[in-house]
Amino acid sequence: MPTSKVSFRRFRDPSDLKSTLKRCVDDIDGVVWRKGETVILKPNVCLYRFPCRGGLVTNPMLVKALAELIIEGGAEPVIAESSIVGRDTSESFRMNGYEEVARSLGIKLVDLKGDEYVKLPVPNPYVQEYILAFKMVVDADRLVNMPVVKTHTQTLLSLALKNMKGCTPDIQKRRTHRMGLEYSIVDINKVLKADLIIEDGTLVYDRERDKTLQLNFIVASRDPVAADATVARLLGNDPEMITHIKLAYESKLGELYNIEVLGEEVKPLITLRYNFKGNLSTSFRNHKIDVTIHERNACSGCFSQAKQSIYNVIVDDDVDVSGIDIVMGDVEEAPASNKLLIFGVCAEKLRGAGVYVRGCPPKIEDGENAIRRLIHKKE
Ligand code: SF4
């Protein structure tokens, strides 16, 4: 017998986005808000000023459409998010059109990084005995998790389960990476549960082929595992192969198999493949670049700052940065390289082997300056 409902529907263009969303919500009896309640909408707005090829941030028009439905239902939507470690959420909001959405609806837009956080004990933890979480999220009447569908260098897919990491402060985000990302994601979801999940498949960035695909789909559910498993199948992936989704199912956080799909038939829209392997050539295919990242348990903050530093140097200086090796996280030994960047305090013990950039994560401008020193170093 099916135990979890998931709605999957595609929209033709922005004009039928809201009506498609409403049908998805109705399919799964997803009107979880009551008159007068505060409903936190938690999109994924973690980046800015990255060579954004689409599909990396939740579509602000989808968030706007849901906020309108909530207002029509007499409740109060609040958009809340915290960017990845080292990034400014307000800037991410501004650059991705969220300020405009909030202004047009007269609703609050909250940078959670300014909020207090509370300590929540994790029942039967894998690795995290407690989770630090933003008080506003914990205290909210209702929480709607609105991830963008995207791939991730460490977890392969980044969907609803992973998006909950954005409800935790930077100190917890660092613990999450250092204590095992996939296990930590599951521990976070043991204590932070959304009432509704709306996954945004408007644009999906295919990292391996360096292409943004306009897929225009929405997946809705009240079960994060069933929602993520359905999206994985739509992307031609077996959800059992995505470690944190499988672990979440084994921890009884949701259903992987017994899913009642409403709306349209679920069959692969594409087949995403993964070829991250630490080489940044897939991230900057339009530029001449051969840079390799050597990492162990490094946070998205270090990844993102390093990539942004490289991108800025390529664009601003018009130089070839090929041949650089970057070490971050808990790597034990420095690779043999005459252009070695030691990135972030976790890798400080290897600082004698190359050019060290201090910070947790390092600042982008410090990364840029270190890259310039490497490029202009005499052989
Ligand atoms: S230095 Fe980088 S990898 Fe280490 S905790 Fe800070 S952000 Fe994470």
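Refer to the structure printed above.
So, how was this worked out
- Residues numbered from 1 in each chain as written.
- Predicted model: local features only at pLDDT ≥ 70, side-chain atom pairs only at ≥ 80, totals over all residues.
- Pairing = 2+ DSSP bridges.
- Helix = DSSP H or I, 4+ residues; strand = E, 2+ residues; numbered from the N terminus.
- Axes fitted to C-alpha atoms, helices over the stretch in contact; angles between N-to-C directions.
- Contact = placed C-beta atoms within 7 Å.
- Near = placed C-beta within 6 Å.
- Nonpolar A, V, L, I, M, F, W, Y, C, P; charged D, E, K, R; others polar.
- Domains from an automatic or database assignment.
- Parallel < 35°, antiparallel > 145°, perpendicular 65-115°, else oblique.
- Left-handed = near helix turned anticlockwise from the far one by under 90°.

For the sheet that holds strand E4 (residues 108-111), give the residues involved together with the corresponding values.
Here 8 strands make up an open sheet; going across it, the order is E4-E3-E2-E7-E10-E11-E1-E12 and the pairing mixed. A single partner strand is all that each edge strand has here, and the edge strands are E4 and strand E12 (259-263). Adjacent strand axes in the sheet meet at a mean angle of 25 degrees when their direction is disregarded. Those strands touched by helix H2 (residues 60-72) are strand E2 (38-43), strand E3 (76-81), strand E7 (142-146) and strand E10 (196-206), and its axis lies near 170 degrees from that of E2.

Describe the environment of Thr151, with residues and values.
Along the polypeptide, Thr151 turns up in strand E8 (residues 150-152). When the C-alpha atoms of Thr151 and Cys360 are compared, they prove to be 24 Å apart, with 209 residues separating the residues in sequence.

Explain the site of the ligand to me, using residue names and the numbers behind them.
Around the ligand sit 14 residues in total, of which Cys299, Cys302, Gly344, Cys346 and Cys360 are the nearest. The set of elements that each furnish at least two residues to the shell around the ligand consists of helix H7 (170-178), helix H11 (300-317) and strand E14 (325-329). Considering only residue class, the shell around the ligand consists of 9 nonpolar, 4 polar and 1 charged. Counting contributing residues, the shell around the ligand receives three or more from each of domain 1 (4-263) and domain 2 (280-375).

Describe unusual backbone geometry, listing the residues and the values that go with them.
With an omega dihedral of -10 degrees, the bond running from Cys360 to Pro361 counts as a cis peptide bond. Within the secondary structure layout, Pro361 lies in the loop between strand E16 (355-357) and helix H12 (364-375). Here the phi dihedral of Asn297 falls at roughly 55 degrees; this positive angle occurs in a residue that is not glycine. Relative to the elements of secondary structure, Asn297 occurs in the loop between strand E13 (292-296) and H11. Unusually for a residue other than glycine, Asp318 sits at a positive phi of about 55 degrees. With respect to the helices and strands, the residue Asp318 is situated in the loop between H11 and E14.

Pulling in residues and values, what's your account of the packing of helix H8 (residues 181-191) against helix H10 (residues 243-250)?
Where H8 contacts H10, the two axes come as close as 9 Å, and the packing angle between them is 40 degrees. By the angle between their axes, H8 is oblique relative to H10. Crossing angle aside, the handedness with which H8 passes H10 is right-handed. Mapping the contact onto sequence places Glu182, Tyr183, Ile185, Val186 and Asn189 in H8 and Thr243, His244, Leu247 and Ala248 in H10. For the contact of H8 with H10, the per-class residue count stands at 5 nonpolar, 3 polar and 1 charged.

By themselves these figures say nothing about function.
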